[in-house]
Amino acid sequence: MSVTGPAGFRAAGVAAGIKAAGARDLALVVNDGPQQSAAGVFTTNKVKAAPVLWSQQVLQERKLRAIVLNSGCANACTGPGGFQDTHATAEKVADVLGAGAIEVAVCSTGLIGERLPMDALLPGVDTAAKALEAGEQSGLDAATAVLTTDSKAKQAHRAHENGWSIGGFAKGAGMLAPNMATMLAVITTDVMISGADLDEALRAATRVTFDRLDVDGGTSTNDTVLVMASGASGVEASQEEFSALLTTACQDLVRQLQDDAEGATKTIDITVRGAVSESDAVTIGRIVAEDNLVKTAMFGSDPNWGRIAMALGRAQAEIDVDEVEIATNGVTLYADGATARDRSEADLSGRQIEIVIDLHLGEHAATILSTDLSHDYVEENSAYSS
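Residues numbered from 1 in each chain as written. Predicted model: local features only at pLDDT ≥ 70, side-chain atom pairs only at ≥ 80, totals over all residues. Heavy atoms only, no water.

Description of the packing of helix 7 (residues 278–290) against helix 9 (residues 305–312)
Okay, so step 1: Relative to each other, helix 7 and helix 9 sit at 130 degrees, their axes nearing to 8 Å. For the element pair helix 7 / helix 9, the angle class is oblique. As helix 7 packs across helix 9, the resulting crossing turns out to be right-handed. Residue-level inspection shows I284, I287 and V288 of helix 7 in contact with helix 9, the latter providing I308, A311 and L312. (Axes fitted to C-alpha atoms, helices over the stretch in contact; angles between N-to-C directions. Helix = DSSP H or I, 4+ residues; strand = E, 2+ residues; numbered from the N terminus. Parallel < 35°, antiparallel > 145°, perpendicular 65-115°, else oblique. Left-handed = near helix turned anticlockwise from the far one by under 90°. Contact = heavy atoms within 4.5 Å.)

See the structure below:
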């Protein structure tokens with residue numbers, strides 16, 4: 001169950017020939033209504049890909065008929081010609097659906113700096129549309145068509161007892177430090193909801209889910225999370241109910257992104273509590289998550305709390321070193337400004353590692369999700385474009 005779980009949606013994923021290997025590389029997700037509410041959040045990177053700039057414009061209307069996504073080419077840093085390619089893609093989808101280009105969002109992922117092979121992409125849209133018309137739709141195929149270095153598709157579905165649901169898929173394995181969204185994600189729901197309420201719920205959900213994943217500090221040029229609502233269930237939900245279920249679905253996708261991150265041998269949850277503000281908690285958690293010395297220690301199953309102390313001490317946040325406590329996998333190793341227990345007492349041999357930093361200064365907390373820095377991560381990223 002994925003984006004086609006909620007009523008009113010169709011999806012297809014096809015091999016358009018964008019990827020040389022012949023894998024699925026183009027996805028189309030269509031909202032058949034009766035409503036077409038939509039919202040999106042996008043990368044905060046100043047270097048934004050053409051599809052991000054296009055989709056930001058069309059989402060001002062908070063209405064979408066379809067989303068078209070491709071892998072194999074990011075269409076980022078491609079100048080006016082790249083934006084024209086995105087526009088042409090939206091127009092092609094609009095043409096086959098009998099809609100307007102302003103009702104079509106576009107997402108791309110892959111290598112930065114190359115133009116889209118439009119001679120493959122545009123016929124691919126026709127192929128995807130024919131698959132939908134023939135009833136050969138598949139949320140899994142669509143989720144697979146957006147993958148790059150991911151090892152598997154990432155899907156989620158949550159059903160509410162009142163008869164409406166939320167589905168979605170996401171992709172992302174590297175360049176994960178979103179600050180608004182994480183790589184590409186498409187979420188659907190059949191609840192009856194306005195575009196404004198959808199936007200509010202999405203921003204609240206991404207703030208505590210996608211925004212809290214930080215694998216390597218790299219904020220992508222293409223990060224996008226889109227949500228569409230069909231209203232096909234005929235059921236209205238309170239804003240609180242919808243936001244809660246949306247957050248749960250997003251958290252499911254984020255956990256899958258964390259687990260499948262490039263080269264990861266450890267999944268690391270960094271919880272900062274006792275902060276004077278949530279912002280401070282997030283800042284400290286993120287700087288620890290991005291620190292290469294911490295990440296390599298975790299790769300070696302080494303409970304080296306000194307590296308954690310060093311990292312958090314660099315954060316632009318309020319800290320009292322004599323109040324800080326650092327624990328790894330339930331063992332407090334540092335407290336009252338000195339060693340609390342022998343580091344050998346903390347067992348980090350398993351895949352899951354939990355780091356808890358208690359500042360003892362306030363009531364706020366946040367958890368950042370991250371991974372270790374392994375040989376495989378370095379090897380994969382050193383050869384990405386070759």
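There is more to say, and it comes next.
A closer look at the sheet that holds strand 5 (residues 104–109)
Okay, so step 1: The strand order across the open sheet formed by 4 strands is 1-2-4-5, and the pairing between neighbours is mixed. In this open sheet, the two edge strands, each paired with only one partner strand, are strand 1 (9–14) and strand 5. On average, each strand axis in the sheet is tilted by 10 degrees relative to the strand beside it, whichever way the strands run.
Okay, so step 2: Examined bridge by bridge, strand 1 and strand 2 (residues 26–31) share 6 bridges and lie antiparallel to one another. Along strand 2, the bridge assignment pairs G13 with A27.
Okay, so step 3: Most of the contacts of helix 3 (residues 118–133) go to strand 1, to which it runs at about 130 degrees, and overall it touches strand 1, strand 2 and strand 4 (66–71). (Pairing = 2+ DSSP bridges.)

Re unusual backbone geometry
Okay, so step 1: A cis amide bond links G33 with the next residue in sequence, P34, at an omega value of 20 degrees.
Okay, so step 2: Along the chain, P34 falls in the loop between strand 2 and strand 3 (37–42).
Okay, so step 3: Phi at R62 is positive, roughly 55 degrees, even though this residue is not glycine.
Okay, so step 4: Looking at the secondary structure, you find R62 in the loop between helix 1 (50–58) and strand 4.
Okay, so step 5: The backbone of N329 sits at a positive phi, close to 45 degrees, despite the residue not being glycine.

Here we look at the pattern of salt bridges
Okay, so step 1: Per the counting criterion, the structure on display carries 20 salt bridges.
Okay, so step 2: Its salt-bridge partner being D259, residue K152 comes within 3.9 Å of it at the nearest N-O pair. Within this pair, whereas K152 is found in the loop between helix 4 (139–145) and strand 6 (154–159), its partner D259 is found in helix 6 (residues 239–259), the two being separated by 107 residues in sequence.
Okay, so step 3: Across the pair D260 and K154 runs a salt bridge, and its minimum N-O distance is 2.7 Å. One end of the pair, D260, is in the loop between helix 6 and strand 10 (267–275); the other, K154, is in strand 6, with 106 residues separating them in the sequence. Like D260, the residue K154 is buried in the burial classification.
Okay, so step 4: Taken together, the shared-partner salt bridges in this structure form one network comprising R10, D32 and R65. (Salt bridge = Lys/Arg side-chain N within 4 Å of Asp/Glu carboxyl O. Buried < 20%, exposed > 50% of the residue type's maximum accessible area, 1.4 Å probe, protein only.)

With respect to the UniProt feature "binding site: substrate" (unreviewed entry) in the protein
Okay, so step 1: The UniProt record annotates "binding site: substrate" (unreviewed entry) at T148, K171, T182, E262, N381 and S386.
Okay, so step 2: Looking at the secondary structure, you find T148 in the loop between helix 4 and strand 6.
Okay, so step 3: The partly exposed category is assigned to T148, whose relative accessible area is 27%.
Okay, so step 4: In contact with T148, not counting residues within four places along its chain, are S71, T109, G110 and K171.
Okay, so step 5: Structurally, the position occupied by N381 is in helix 10 (residues 375–382).
Okay, so step 6: Look at N381 and you get partly exposed, because its relative accessible area is 32%. (UniProt positions renumbered as here; feature names shortened; annotations may be inferred.)

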